Each structure stands twice: as structure tokens, then as C-alpha cells.
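# Summary of structural features
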Amino acid sequence: MSKTGENTRHDSAIKHVTGRADYTDDIAEPAGTLHAYLGCSKVAHGTLKALDLSAVEAAEGVVGVLTAADIPGVNDVSAVHAHDEPVFPTETVQFYGQPLFAVVATTRDLARRAAELAVADIEVLPHALTTREAMAQGYPDVTAPLKLERGDVAQGMARAKHRIKAAMEIGGQDHMYLEGHISLAIPGEDDDVVLHCSTQHPTEAQVIVAQVLGVPANAVVVKVRRMGGGFGGKESQMNLFASVAAMAAKKWNVPVKIRPDRDQDMSATGKRHDFSVDYEVGFDADGRIEAVEGQFAARCGFAADLSGPVTDRALFHADNAYYYPNVRLTSRPMKTNTVSNTAFRGFGGPQGVIVAERMVEEIAYALGKDPLDVRRANFYGIGARDVTPYHQTVEDNILERLVGELEETTDYRKRRADIIAHNATSATVKRGIALTPVKFGISFTATWYNQAGALLHVYKDGSIMVNHGGTEMGQGLNTKIAQIVAEAFGVDLSLVKITKTATDKVPNTSATAASSGTDLNGMAALDACEQIKARLAGFATERWGDMCKDVQFVGGKVLCGGAEHAWADFIGQAYMARVQLSAAGFYKTPKIHWDRDKGQGRPFYYYAYGAACSEVSVDTLTGEYRVERADVLHDVGRSLNPVLDKGQVEGAFIQGMGWLTTEELWWDNKGQLRTHAPSTYKIPLASDKPREFNVRLAEWSENPERTIKRSKAVGEPPFMLGISVFEALGHAVASVAGYAQCPRLDAPATPERVLMAMERLKRDA
Amino acid sequence: MAQHRNEIRFLLNGAPVVLRDLQAQDTLLDYLRLERRLTGTKEGCAEGDCGACTVLVGRLCEGALVYETVNACIRFVASLDGCHVVTIEHLRGAEGGLHPVQQAMVDAHGSQCGFCTPGIVMSLYALWMHAPEPTDEQIEVALQGNLCRCTGYEPIFKAARAAGTLGKPEADPLLAERAMVTAALAAMHDGQRVALGGAILPTDVEDFAQVLAENPDATIIAGATDVGLWVTKMMKSITPAVFIGHLSVLRRVMLTDRALRIGAGASYSEVEALLAQAFPYMLPYWHRIAGWQVRNMGTVGGNIANGSPIGDTPPVFIALGAKLHLRSTAGVREVLLEEFFIDYGKQDLRAGEFVEAVELPLAEAGVLHAAYKVSKRRDEDITAVAAGFAVKVERGVITRARIAFGGMAATPKRARLAEAALEGQPFAEASFEAAAKAVGDDFAPLTDWRASAEYRSLVAANLFRRFWLEQGAAREAAE
């Protein structure tokens, strides 16, 4: 039997380790499958005068090309229908690497070679690559900015004993999912097309493909069994690939597959937003914050994509765990001549949180305090000092207990003192330690996204099939949902099968994003279970009388009226009695609402919390460093599956650490991304893992809201625990100047930035 | 002219393969996935940096069968003649079912999205074969060439530690088949030159020289860790392509009482044991060259012959006074390694000539050595700055300094001004401080995505300070 709360392994674990788990590129290609490849711009900004594809069309194996002129429907793949993201541009090229056309050939290799033969006549225009360049050049916002305001900032600042005004640069991040983008489109009769697509958002791929083809959504079916990683990079970025595959499949009436190589994947798809933040913080002698003002400008790229909600979420998390009595936060979602940035685990939240932590550092160094004391002094209160900049009251605050427990188990105070003593005598290797919290709001801020459906069949042999709107990208969503269903029916997990997510099984799904997969789809699946159980209870009452009203489903048995029926027998009888054994479940998150114009509401159903304590050692001659130890205590409410949750926490921590350490995106002055593959873009390796890495779940926590089994979302919140590594690096850096100055590291803190920061501090000391 | 064979023969998992319709640039990964539908091996990057395509290749090495991990994405099929390719599909336990490494990965929850998993399993399998009870350091080294974006690696470490408790290498099915495989591979070696699809596999070193004389523009392919990318990334033509990985004479590494002689075809992994014996200080540096798969494929000769300004072996070898043996049908000539690099992309290599070996003179008494590599990420990253130090100290005076840098100029280059600042000076902190200042005039490095010019210059100077701290200050403290 399997229940929620147990350490059930990932349902595909054996397939993973044997190589038998099929990803989209592993699906046997139907006979005659053709292959598409994109031809891309080598100019960052310019007027497209002409596109000569004659050599492309004449190349070996080429069946034809697709340009903007071949688009039967709307030439737009914008996730927010902003009409600013063409499949292929017709007038203006907006970034280096922008797809201009596609070529279709008999093999992928031939298509790829042919794509190189295009001649694009582009009249070069001036470009802006960075947020600050764009602001200086008067570039527009790609989408409407947001302002969050509470209290009186001017008064707060005036009252504050200390004020610090500074800036922080925060780098972006490539998803570097191991499986890149891929779509396989198989044409059907009439307008129909079926797509196998590596996507977190099958419904969006369906809607966009239908729009590009100019057909109704019911003509398009999108399926995804699993992804080789998503992390937000497949929430909207599959739109282009799915559209090209579908267009080609319909045009030539053959199956068409498109799979960019890693370089094209990284150059032509969006990433985490870089931010340039200007902040001012006013605080009292005890380090209590009086007022905060911040402008969060983001490198959004050439189009809106999800930059609106991403920059919104940055503001929603610019408080992290801290109460700002007076606050004004504004976003500047800047247009730039770079690829349009998109969702990435945390969705702007991490860029907000790290600024809150920077302000804590400013205060701590200004007052000569332990940053943890500054954190504590500013934690949200319980019953007071508990209103966020967006006017939501923090009702489920567990920061004190969580942080207190971690502080104690890690022996933080003593270790910090030891480190400071060590640094006083160590010539080249300096150590640093930091304990940072995270509070992360759970729910899509686009309120309508907080809904989910599930389709559940009980077959007459007792086996169960579940479909739901979520997608599996490694997080173990299908495993958790199978646990929920198995527990609801009291049957063994082996009876529950979950396969492909498909838009013809469950319609109008939301992206598997915002950490919401289990919260939403788990509840929808449970709803379907409850419907069937109610019918089964009705059947039992009808068959065996009123004493069977309280029918129980446990241990593979159905218990009613003192009798015990084997599950399969019971189901067989229910079928014979013509009971409907299929149900569509549905769920929508209660309580949430959000008025963006006013900047007020309750966008989040609840918060997830966590804390991490990291210790680093830094080589002051090269800036190279190592994470010596990291301890995490994370809140997942009442865990549905502790090992899967722990896996999410560990993986998120390392990914967050990567974002802030070695993962550096570097564009040359022509606008070409030069870190476009793992040879140049460095995500953490096994040897970058903290030497000692202790991850615990806060077992005492349970969600006060009525979520699925009182659990909490886990995908994104622990990503921000990686900030503890960044802050620890800052601590080590500050040691070279006696901790008298805020180290003001920019992110990512590559060895170079660390070394240069130490040099700066020594110079300024 | 001798009889040529026009087919490539190898073992794939349990069965022999004979290929006649093959092009020089065909990669093992495409062959596995597209021709054989062995889709357990994945493409993550097609440049040998992510490890999702890791497979084992077994080959006869001086008669003994050795298995090594390689990146199938940049391994050319033509280079597999006489080899045994083992993919994830071939793994099984002693009694069938899951292999101990696979079982350990399942038990430890070592997979999430699963895309990197087959490659990780293959790397852990290779580790388990020779170290069933690995240390954490061995696990780190074994996984240097495998990226996982989901797990944060912790459960993979647990799996690596546990695999040995679930089964021993002695019971491994692959080991049980060893005699049969050895015989089958031995039978494939017929001593003939192989030529097909623009690929040429010479019979021996003499024949290699002959092939080059006939095809002076040929691409020489040893480990293919660079040339592989010319194909997968740049879609360049590489024909005619001379494959030399099978020439075991070129792979020999010999340690005499005068020098370490490294055959140009020896992989980094093959060099490791004797290098560590002759120059123990170099081992940590060696482990920071690429990942395990690339060290199993890439060759010292290739690293030198390519003339890259950021190759990892030249700076440390130049510091040792390394000599190259260059060979052609005209004979062999010797060149000092530091003189081999003329300018960016230009080496002292004549038409029809190839690097046959590199010779590292053993250290004299009184010479202090160091090898430094600085990169953005510690492991499996391309160098920002690399340096080799050889400083001779006699009676407290620096009598000779040979210090070479990579990443600081268009070629690997000695820091002549810094050397001059040291020579004749007392072995003291002030001398190294002077050299740290002087090295700023030796080089005018570039800014790129790996590092800025300022950082490179500062680090280069600091490496002199490091050398003093490690070799001088430490010694002073000891005395």
C-alpha cells in the first residue's frame, strides 16, 4: 500500500537508470519524418531588407523553407498575446540569434547545414544590450510596470537615523535543462495536428499552434510524457518550436521534428532576467528598517513574454522575510536587444529576495552587527508588523522557529566567531558564513491560472488511470498524484497509472509552474477520486443497504457493513451495476485576489519558508572558493513524499548557488551571447556541491490552509536558499577590510568578481 | 600498395558490427540513436561537456582489455575499429535485472528528470569497476564530466558510495565476458590500413607518416575532443581524416632515469600514473583538465599540436623544458616545446609532419615546481590563467627560473621579464614580489567570457605570491 507522506520513489526511476524512459526525441519517428531547423540573425538590431534563401532551398536534402509568408494564421507566439513576438520577423530584427526562417530537410543534419546558407540583408541599427544601456537610450518598457506602495516613504526616510542608497547588478541564468527544446508534429485529417512537445504548458503550446495555423484549438493536441528538465524554460519558449513543426507538418503533410542544438537553444530562447536595482534603505540604530525605496529594472529582451509577471514577482519578494513600515517599489521591465527573457524557477522572486538580503548586509556592516541580528530585528511579526508591501497580511509566519532551530543546530554563532578569528590570522584563505531565510508566496499572481483539472478512470479490473493538467519534468508530480489517488482508494500504488499529459484528456490546463503542480493537480485528482467514491458508496448502499453508507477503502479492500470486498471484485460489481467509473476532477485555489492597478490584494494563498546556513572558503589570491558546508531547514508543510521534497530542496539549493556563483551569461558588444553551451556556461558540478550538505525538512510544519494533505509547494522556494552561499562569500570578502564595509558583491560572484571585490575593499579601506 | 580494408568492425554491446557505408565525420551518438535506436544514450550538448551521452569503450591496450568512459557525441565511429562499445542498454546485474550501480541510483533517488541519468550511471559504472568503494574525491573526479541540473548531486554521491555494497565487480557480466571480448577484438586486428568514407586508419606509425605524406592537408584525429567539435558545432569538413587512436606505439608512456616520454597519442588518463610518479605536484592540476571522459579520449599530443593558447599541458610542460619529437617520412626532428608555438594558430610543424612524442626532462635537484590553473568553475572548465613554475634555488639564490603561462597571450608563453626579475636574486619574498610586478609587462591578455584582462593580469601576478607562500614561506616556517 502506498500513502501520502511516504518515501515513494519516482515512478520512472527504473526507466531512468536503464535508459528506457522515453523523451520526445526517443519516440520512434513515423516513416517519412522530416526535420526542421532554424536560421537565425547575426545582427542584434536591424531592418530586414531581404532574405535570400535560394542556396538554402537548393541544398542537399532540402524539401523547402518556411518564412513569415508561410504562416497561415497569426505571426505571433507571445505567451501573453502581446503581438510582439513573431514566429519570424518581417521588418525588424531585434536580437542576435533571432530565428528568421526554418528549413525542412530529410535529415536534421542536412537541415542544419542548409540553414547556414541563407543570406540576410539587414541594415544595422544601434542596439541596447543591458538594462542600464536601454534606460540611458530611452528604450521603452516591454510591458506595464508595477508599483507597490505602503506607508509614507518620504517620512520614513526622514525619520531614519541612517540611510544608505546604492545599486546592485544581478545576472541572469540559463535553464540548462539537459534535454533541449524539441517538438514532433504529426499531421492528421482536416486541420488536425498532434504534437509531442517538451513543454511545461501543453495548453499554451496548443493555443499558440492553433493561432499560428489559424485553426480552432480543438484541431491541435499537445502531448508530453516527460521533460528532461524544464525549470521555467519550457513554460512559453516551446511556442516557437511547436509552431514551426506544426506549420511544416501541415504544409507538407508529413511528420516534422525540430530540435535545435544546444547553442541555438541557448541563444534563441529566453533566460532568467538580469536586474539592475537601485535601492535606498532607512534604518534606526538597532538596524530596524524604517523605509525602503527600490527600482527594479530588468533586462526583458525584445518582447514581453512573461516579463510582466516576472518583474511583478520580483517586487512581491523584495521584502523577503522582512517588514518594511514604509515602502515604495517600482519595476522597470526594460526592452533590450537580447533574447526575450522568461520564466525560471522563482520567477523574479529570487531577484527580489537577494536585494532584501543586500539591504540587510548594508545595515549590518554600517552598524557593525551580525547580519542575522539585523534579519531577526526585521522579521515579519505575528499579529503586528505583518503587512506586506502589497497589503497582504502574513498569517502563517514560522520564521522565528525555523531560523532559531537552524541557528542552533548549525552552531552558527560559535562558527561565525571562529571564522572571524581564523580570518584574522589566515593569510590567503578567508572564510565566510551566512544564515539566510526565505519566505515565498505560493499561487500564480495571474489569479485565473490557479485552477486545474484531472481525468480519472477506474477500469473494471480495478486498475486506475489518471490524467491531470500537470507535466512531469523530474519533480515527481506524477508520483505524488499517484500516491494521493492510491490513498484515496486504499489501493496499492501499482494499480495507479499516470502517463502522458495530453490536451485532449484534460483541457485548459495551467502551466506546471509557480511550484503549483501538486497543489492544483493533486486537489483536482482528489476531487475526481471523491466523486467516484461517492458513486461507489451510493452503489454499496443500494446493494447492501444503509449500513453501507460509510464505506471505507483501505488496504486494497472495500469495507462496508461489516463485509469485506476485494477492491477489484467490488469494482467489477460496480461496473455490472452500471456505476460510472470515470470522473473529471476540478480545483480552484480559494481566498486569492489581486488588484494590480491598486497594488493591493491577497495574491498568495500561503507562504513557504526555509532557511540555509552556508560556510565558504575563499582564496584571496585568485578569488576561487569552495562551499565547505551548507545546512538547510525547509518548510514543505506536511510532506506528501519527503524524499522527493528533499530532492527538490537539494537540487534547488545547488541551482540557486549556481545562479549566484559560476553561471555567468556574457554577451559581446555585437550582442552575441558567447556563453551558449556548457563549455562556456558553467553550472555546478558534483565537485561544487558543499563538502558537507545537510538538508532537513521542518517536520513539525503543516500548512494552516486547506491544501492537499496540508502540504506546501516545494519547487521554487528552496532555490533562494542558495543566497546563503552568496552572502557567505560576501562575509569572506568583507574580511579583507576588517568587515568595515559592505562587500556589495554583484551577482554572479564568479571568482573574478570575488577577487575584484576584495581588491576594491582593500583599496577603499 | 598494400591491400586496404574498406570497413570498420567493432562490437556493440553483445554483437559484432561491420560498417561499410560510413563517413569520417559520423559520430557514435548519432549512430547509436539514429541507426540503432539505442536511445538510452542522450544528446545534451554535442561538445563533450555534459556527459549525457557517456558510454564505455573497451579496447585492447598492449593485449589487455580496458574499458573507459567516453563522450559518444564527439567520438567518431571510424575511431572504434577493433573496440567494444557498451551502452546503458547493455548494463545488467549478475543475475539479470538492475546492475548494482543502477539499483543504487534507484535506492538513493539519484534521478529526477532522468535525462542525465544514463550518462551518470555509465560514469559510476566505470568508477565502480575499478573502485567499488570510492572516496568522495574519487566520486567527484568520476563525475567531472557529467552535469545534472536537478538533483544537486547529493543522492548521486550516496548511490556511488552504496553501489559497492550491492555487488562486486568480480560478478559483473561484462567481466565474465572479458575473454570472449578480448578474443573477438584481437581477431578484428588484421594489420591492414583501413580506408572508407574519407577516413584513413594507418597500419602503424610508418604508415601514418606515409598517409600524411600522401595527404598533407589531412586532419589528424587522435582523441577527437577538439576535432569532434569542428564537426558537431562548426559543421566543418574534416576529410581526409587520419585516425591514429589505434596506434598503440603512439600511446606509450615511458619513464626513464632522465625523462618522461609521452607518446603523442597517449590520453591524459594513460599518462596520469607515470606523470604522478615523475612529477607528483602535477596530479591535482591534471585532474582539473576537462572531465573524466575527455581525459580518457583527449591526448597530450593533440593538446599541443592544436596550438591553442589555453591548452592546459603547454605551460606546465614548457616550464619543465619539454621537447617535442616531430616525425615525417623525412625522419624525426626535435623542437623545444616553447619554440613550437610561433603565433596564434601557427606552429612549427612542416607539411607531412606530426607530433610523435613529448619528452619531459626529470627535475634536477634544487628545482621547485608548481602547476596552477585558475578557471571560473574549478573542474571541467577551460583555463582563464594557467602557469607552470620551475625555479632552481642554490644556496639561497634563484639561479634559474622557467615560468610559462597559458591564457595570457596568443600562445602559451614564458614570462621572460618575471624570470629575469627572479634570476640571481635571493630566494625571498621580495624577489617574488618583484616578479609579480614584472609579469605585468610580460603579457597583455585579452578580455573574454572566461575572464577580463585585469583579472588575468592580477591572477598572474598573484601566482608568484602563491608560489612564494607555498614554496618559500612554508619552508621558512618549517626551518
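Residues numbered from 1 in each chain as written. Chains lettered and ligands numbered in written order. Predicted model: local features only at pLDDT ≥ 70, side-chain atom pairs only at ≥ 80, totals over all residues.

### Notes on the overall build of chain B
Counting secondary structure elements, chain B contains 18 helices and 21 strands. Scored against the burial criterion, the 479 residues of chain B give a buried share of 57%. Looking at chain B alone, contacts between residues at least 24 apart form 67% of all its contacts between residues at least 6 apart. (Helix = DSSP H or I, 4+ residues; strand = E, 2+ residues; numbered from the N terminus. Buried ≥ 20, exposed ≤ 12 C-beta atoms within 10 Å, placed from the backbone. Contact = placed C-beta atoms within 7 Å.)

### Overview of the overall build of chain A
Helix and strand counts for chain A come out as 19 helices and 29 strands. Here the C-alpha atoms of chain A give a radius of gyration of 27 Å, agreeing with the 27 Å that 2.2 N^0.38 yields for 765 residues. Overall, chain A is about 85 × 75 × 50 Å in size when its C-alpha atoms are taken along their principal axes. Relative to its full complement of 765 residues, chain A shows a buried share of 64%. For chain A, the share of sequence-separated contacts (at least 6 apart) that also reach a separation of at least 24 residues comes to 80%. (Rg over C-alpha atoms; globule rule 2.2 N^0.38 Å.)

### A few points about the packing of helix α14 (residues 477-489) of chain A against helix α15 (residues 517-544) of chain A
Residue and element names in this part refer to chain A. As a packed pair, α14 and α15 sit with axes 9 Å apart at the nearest point and diverge in direction by 25°. The orientation of α14 with respect to α15, classified from their angle, is roughly parallel. Judged by the sense of rotation from one axis to the other, the crossing of α14 with α15 is right-handed. Counted together, L477, K480, I481, I484, V485, A488 and F489 of α14 and G517, T518, N521, G522, A525, L526, C529 and K533 of α15 form the full contact between these two elements. (Axes fitted to C-alpha atoms, helices over the stretch in contact; angles between N-to-C directions. Parallel < 35°, antiparallel > 145°, perpendicular 65-115°, else oblique. Left-handed = near helix turned anticlockwise from the far one by under 90°.)

### Quick look at the domain arrangement of chain A
Residues and elements named next belong to chain A. Domain assignment breaks chain A into domain 1 (32-126 + 175-268), domain 2 (128-172 + 271-379), domain 3 (391-446 + 596-765) and domain 4 (451-588). Residue-level contacts link 20 residues of domain 1 with 17 residues of domain 2. Residue composition of the side of domain 1 that touches domain 2, by class: seven nonpolar, ten polar and three charged. (Domains from an automatic or database assignment. Nonpolar A, V, L, I, M, F, W, Y, C, P; charged D, E, K, R; others polar.)

### A closer look at the sheet that holds strand β3 (residues 62-66) of chain A
Residues and elements named next belong to chain A. If you walk across this open sheet you meet the eight strands as β3-β5-β1-β12-β9-β10-β11-β20, and the pairing is mixed. The open sheet terminates on both sides in strands that have one partner only, identified here as β3 and β20 (501-502). Both strand β10 (residues 193-197) and strand β11 (residues 220-224) contribute to a ladder of four bridges, which runs parallel. Note that in β11 the partner of H196 across the bridge is K223. Of the strands in this sheet, β1 (34-40), β3 and β5 (99-105) touch helix α3 (residues 108-115), which is tilted by about 25° from β1. Helix α7 (residues 238-252) rests against β1, β3, β5, β9 (183-187), β10 and β12 (256-258) of the sheet, and its axis sits at about 30° to β9. (Pairing = 2+ DSSP bridges.)

### Re the nonpolar core
All names here are of chain A. Formed by 363 residues in total, the largest nonpolar core has its most connected members in V103, L195, A245 and L729. With ten residues, the single largest contributor to this core is α7. Non-local contacts of L729, meaning those with residues more than four positions away in its chain, are made with G432, V616, V618, Y625, L745, A749 and V754. Residues V458, I484, V506 and A525 belong to the second largest nonpolar core, which totals 43 residues. (Core = buried A, V, L, I, M, F, W, Y, C linked by C-beta atoms within 7 Å.)

### As for the interface of chain B and chain A
Across the contact, 58 residues belong to chain B and 63 residues belong to chain A. Taken together, the elements giving at least two residues each to the side of chain B that touches chain A come down to α2 (100-107), α3 (117-130), α4 (136-142), α5 (154-166) and α18 (453-478) of chain B. The greatest single-element share of the side of chain B that touches chain A, amounting to seven residues, is contributed by α18(B). Taken together, the residues of the side of chain B that touches chain A sort by class into 29 nonpolar, 14 polar and 15 charged.

### Topic: the domain arrangement of chain B
Residue and element names in this part refer to chain B. Parsing chain B into structural domains produces domain 1 (4-89 + 176-243), domain 2 (100-171), domain 3 (249-361) and domain 4 (367-478). In this complex, domain 1 contributes 22 residues to the contact, which on the side of domain 3 involves 22 residues. When residues of the side of domain 1 that touches domain 3 are assigned to their parent elements, the largest contribution, six residues, is made by helix α8 (residues 205-214). Here the side of domain 1 that touches domain 3 is built from residues that sort into ten nonpolar, eight polar and four charged.

### Overview of the sheet that holds strand β5 (residues 64-71) of chain B
All names here are of chain B. Within the open sheet, the five strands sit side by side as β3-β2-β6-β4-β5. Their pairing is mixed. Looking at which strands have only one partner, the edges of the open sheet turn out to be β3 (15-19) and β5. Strand after strand, the sheet turns through a mean of 30° between neighbouring axes, direction not considered. Note: strand β2 (residues 8-12) against strand β6 (residues 84-86), two bridges, orientation parallel.

### Focus: the environment of A:R401
Residues and elements named next belong to chain A. Here R401 shows up in helix α12 (residues 399-410). R401 sits in the partly exposed class, given 15 other C-beta atoms within 10 Å. Sequence spacing of R401 and F231 is 170 residues, and the spatial spacing of their C-alpha atoms is 30 Å.

### Considerations on the pairing of strand β17 (residues 354-361) of chain B
The two faces of a sheet get side chains in turn, since along a regular strand they alternate between them. Residues and elements named next belong to chain B. In terms of burial, β17 is a largely internal element, seven of the eight residues being buried. Relative to β17, strand β12 (residues 259-263) runs antiparallel, the two sharing five bridges. Across the sheet, residue A259 finds its bridge partner in β17, namely P361. By the bridge criterion, five bridges tie strand β13 (residues 323-328) to β17 in an arrangement that is antiparallel.

### Focus on the packing of α2(B) against α3(B)
All names here are of chain B. At a minimum axis separation of 9 Å, α2 and α3 run at an interaxial angle of 125°. Judged by the angle between their axes, α2 and α3 are oblique. Where α2 crosses over α3, the handedness of that crossing is right-handed. When α2 is examined against α3, the residues P100, V101, Q102 and M105 are found in contact with a partner set consisting of T117, V121, L124, Y125 and W128. Here the residues of the contact of α2 with α3 sort into seven nonpolar, two polar and no charged.

### Some points on the pairing of β5(B)
In this sheet, β5(B) lies alongside strand β4 (residues 54-61) of chain B in antiparallel orientation, the contact comprising eight bridges. By the bridge assignment, B:T54 is partnered in β5(B) with B:N71.

### Overview of α5(B)
At 3.6 residues per turn, the α-helix brings residues three or four places apart onto the same side. The end-to-end C-alpha separation of α5(B) is 19 Å, in line with the 18 Å expected for 13 residues at 1.5 Å each. Largest kink in α5(B): about 25°, centred on B:A160. Taken together, the buried residues of α5(B) touch α17 (642-660) and β29 (692-697) of chain A together with α2, α3 and α4 of chain B. (Expected span 1.5 Å × (residues − 1). Bend = angle between axes of the 7 residues up to and from the residue.)

### Structural notes on the environment of A:A144
Looking at the secondary structure, you find A:A144 in the loop between α4 (131-136) and β7 (147-150). The spacing of A:A144 and A:T311 is 167 residues in sequence and 9.9 Å in space, taken between C-alpha atoms.

### Some words on unusual backbone geometry
Leaving glycine aside, a negative phi is the common case for residues, and trans is the common case for peptide bonds. Residue A:P748 follows A:A747 across a cis peptide bond; omega there is 0°. Summarising the element assignment, A:P748 is placed in the loop between α18 (723-734) and α19 (751-764). For the peptide bond that leads from B:T239 to B:P240, omega is -10°, which places it in the cis range. Residue placement: B:P240 occurs in the loop between α9 (227-232) and β10 (241-243). Notably, A:R578 is not glycine yet its phi reads approximately 60°, a positive angle. Summarising the element assignment, A:R578 is placed in the loop between α16 (567-576) and β24 (582-588). By the C-beta count within 10 Å, which is 8 here, A:R578 ends up exposed. For B:M235, which is not glycine, the phi dihedral falls at a positive 55°. On the basis of neighbour counts, which here come to 14 C-beta atoms within 10 Å, the residue B:M235 falls in the partly exposed class.

### Overview of the confidence of the model for chain B
The predicted model of chain B averages 96 in pLDDT, with 99% of residues at 70 or higher. Scored as a whole, the predicted complex attains pTM 0.98, and scored at its interfaces, ipTM 0.97. (pLDDT = per-residue confidence, 0-100.)

### Points about the environment of A:A612
Residue and element names in this part refer to chain A. Structurally, A612 is set in strand β27 (residues 606-619). Taking C-alpha positions, A612 is 5.5 Å from L435, a pair spaced 177 residues apart along the chain. With sequence-adjacent residues up to four places away left out, A612 is seen in contact with T436, A630, D631, V632, F653, L721 and S724.

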